[in-house]
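# Geometric and topological summary
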Amino acid sequence: MLRSAAVMLAVLSLSSAACGGGAGTQQPAAGAPGTTPAAAADSATIRLALPPDPLWQWLVDSGTLADWEAEHELHIEVSHPFRPFTALISGDADVILINAFDLPVFAHGLDSDPVIFGKYASDRSIAAARRTSRADDLAGVVEGQIAMESQFGSTLLWSLIVEQSHSLDFSDSGDDFQFMLTTSGVADAVERGDADACICLPDASIESLSTEMLRPLYDGRPAAQIYAEMTGMPDHWMLGDVFAAEREWYRANPGAVADFLALWETAVQHWHAHYPEIVAAYPELLSVQTQQHVDWLTHYLAANNWIAPTVYLAGEDSWSYVGAVTDLQARGLIPQDATLPQIITNRVAGHHGDDHDH
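Nothing here was measured: the structure is a model prediction, and the numbers come from that model.

### Points about the overall build of the protein chain
Of the regular secondary structure elements, the protein chain holds 13 helices and eleven strands. Counting contacts in the protein chain only where the partners sit at least 6 residues apart, residues at least 24 apart contribute 79% of the total. In the form shown here, the protein chain has an accessible surface area of approximately 15,100 Å², with 49% of it arising from carbon and sulfur atoms.

### Some words on the nonpolar core
Counting 59 residues, the largest nonpolar core has F117, F260 and W264 as the members making the most contacts within it. Sorting elements by how many residues they give to this core places helix α11 (residues 254–281) first, with twelve residues. Contact partners of F260, with chain neighbours within four places excluded, come to I46, L48, W68, I76, V95, F117 and F243. Counting 55 residues, the second largest nonpolar core, distinct from the first, contains L103, A197, A244 and I343.

### Considering the pattern of salt bridges
Throughout the structure, instances matching the rule amount to nine salt bridges. Between K119 and D317 there is a salt bridge; the shortest N-O distance is 3.0 Å. Here K119 is found in strand β4 (residues 114–121), whereas its partner D317 is found in helix α13 (residues 315–330), with 198 residues between them in sequence. Of the two residues examined, K119 and D317, each falls in the buried class. Between D196 and R130 there is a salt bridge whose closest N-O contact spans 3.4 Å. You can see D196 sitting in the loop between α7 (186–192) and β8 (197–200) and its partner R130 sitting in strand β5 (residues 126–130), a full 66 residues away along the chain. A residue is classified by how much of its surface remains accessible, and R130, at 28% relative accessible area, is partly exposed. One salt-bridge network, held together by shared partners, links E163, D327 and R331.

### Here's the deal with the sheet that holds strand β2 (residues 75–79)
Spatially, six strands are ordered β2-β1-β3-β10-β4-β11 in an open sheet, and the strand pairing comes out mixed. Bordering the open sheet on either side are β2 and β11 (342–343), each of which pairs with just one other strand. Note that β4 and β11 share two bridges and pair parallel. Counted as the bridge partner of I116 is I343 from β11.

### Comments concerning the sheet that holds strand β7 (residues 178–181)
Read from one edge of the open sheet, five strands run β7-β6-β8-β5-β9, paired in mixed fashion. Each having just a single partner strand, β7 and β9 (214–216) make up the two edges of the open sheet. The average angle at which neighbouring strand axes cross in this sheet is 30°, direction not considered.

### Here we look at the packing of aromatic side chains
One pair of aromatic rings is described through two measures. These are the centre distance and the angle between the planes. A complete count under the given rule lists 16 aromatic pairs for this structure. Taken together, a centroid distance of 5.2 Å and an interplanar angle of 10° make the contact between W296 and Y300 stacked. Here W296 pairs with Y300, and both are found in helix α12 (residues 291–303), just four residues apart, close to one helical turn. Classification of Y300 by relative accessible area gives buried; the value is 9%. Three or more aromatic residues link up through ring pairs in this structure, and these residues are W56, F117, Y120, F243, Y250, F260 and W264. We note R124 situated over the ring of W306; from NZ or CZ to the ring centre the distance is 5.0 Å.

### A look at the packing of α11 against α12
The relative placement of two packed helices is expressed as an angle between their axes plus a distance between the axes. The interhelical angle for the contact between α11 and α12, taken along N-to-C directions, is 165°, at an axis separation of 9 Å. In this view, α11 runs roughly antiparallel relative to α12, as classed from their interaxial angle. Two packed elements cross with a definite hand, and for α11 against α12 that hand is right-handed. Residues W271, Y275, P276 and V279 of α11 pack against V294, L297, T298, L301 and A302 of α12.

Rules used throughout
- Residue positions are given per chain, counted from 1 along the sequence in the order it is written.
- Reporting of local features is limited, given that this is a predicted model, to residues whose pLDDT is at least 70; pairs of side-chain atoms are given and counted only at 80 or more, and all residues count toward the totals for whole chains, interfaces and linings.
- Heavy atoms from the whole structure form the basis of all side-chain values; hydrogens and water molecules are not counted.
- Working definition: helices are DSSP H or I runs of at least four residues, strands are E runs of at least two. Numbering for both runs from the N terminus.
- Residue contacts follow a heavy-atom distance rule, with two residues in contact if any of their heavy atoms lie within 4.5 Å.
- In short, Shrake-Rupley with a 1.4 Å probe defines the accessible areas, and a residue's cover is counted only from the protein chains shown.
- In this description, a nonpolar core means a group of buried Ala, Val, Leu, Ile, Met, Phe, Trp, Tyr and Cys residues linked to one another through side-chain atoms lying within 4.5 Å.
- Type-normalised accessible area, obtained with a 1.4 Å probe on protein chains alone, sets the label of each residue: buried when under 20%, exposed when over 50%, and partly exposed for intermediate values.
- Criterion for a salt bridge: a side-chain nitrogen of Lys or Arg within 4 Å of a carboxyl oxygen of Asp or Glu.
- DSSP bridges decide pairing: two strands pair if at least two such bridges lie between them.
- Helix axes use the C-alpha atoms of the stretch in contact, all axes being lines fitted to C-alpha atoms, and the angles between their N-to-C directions lie in the range 0 to 180 degrees.
- Two rings from Phe, Tyr or Trp (for Trp, the six-membered ring) form a pair when their centres are within 6.5 Å of each other. A pair whose planes differ by under 30 degrees is stacked, one over 60 is edge-to-face, and the rest are tilted.
- Two thresholds decide whether a charge sits over a ring: the Lys NZ or Arg CZ must be within 6 Å of the ring centre and within 35 degrees of the ring normal.
- Each angle receives one of four descriptions, namely roughly parallel if under 35 degrees, roughly antiparallel if over 145, roughly perpendicular if within 65 to 115, and oblique otherwise.
- In this scheme the crossing of two helices becomes right-handed for a clockwise turn of the near helix relative to the far one and left-handed for an anticlockwise turn of less than a right angle.

Quick look at the structure:
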């Protein structure tokens, strides 16, 4: 999906934003907090950039965060920047939540050395078509218009799925599909008839899916599950959204990193034990508006729960991610000379890494 021009455009956009051109982002002055993240080891504050999130809200509302901060003498300062990677490289955030496939693209050509030290969610995106479509998969809408919100992240994984499963070119340089980028709702584009199918998030398209105006392809399986099955690892949980930091900050704050992961481990374990209650408690954070939405999403999560079983990374997380990125590089979808972020394996809770490099 990413041609060289598209990659360069993304990098230039990020570089401009980091220099003060991005909305809501300013370049800190020399010597300002955030410009030298390793200056003080084990900082008392972790600046975290992430989208509005139900698990974070539960940590706040349940008092779990307050207890954790008091016990560890740490404070987490949360922001919701439009471009989390820009917040990282500009020094406005210490830790970000980001799609793992975006890191090598966004860091390419910039003075950035990110590491992935925790996992949070798999790629939950699905492919869907009009309710009247007879297609079972994207091969059934070949030469059709595909709506999507971005050429990055999830779309990169779908390009591997389509090529390896159907021998079709899922890129804007090929002739097999046409692509339509929209920020007004990909499900709406399909319902209006402007697109034949879309790559969408199930929670963001819940109105169309719950009313069956939009019909999921691949039996509703998300990209991460399809790719894992396709590569012979049907039970493997594949990296999607991850916690990342600059290497310098990570190395300077081992205690804060360990405590941070322990906090989020509490959150993900609570989610797996109580996700129906969390969906009902925080509907606005999951695009849920009606009881029908609650019921649909709860049922969907029972079979397709995208939150990681644990935040701690294992060796298989590293090599499956490296394999996918290598495939993307071989197909020209990620720059050949892009450096892969280091995966910090920390399978044992509380042990924050063996610093395995690729």
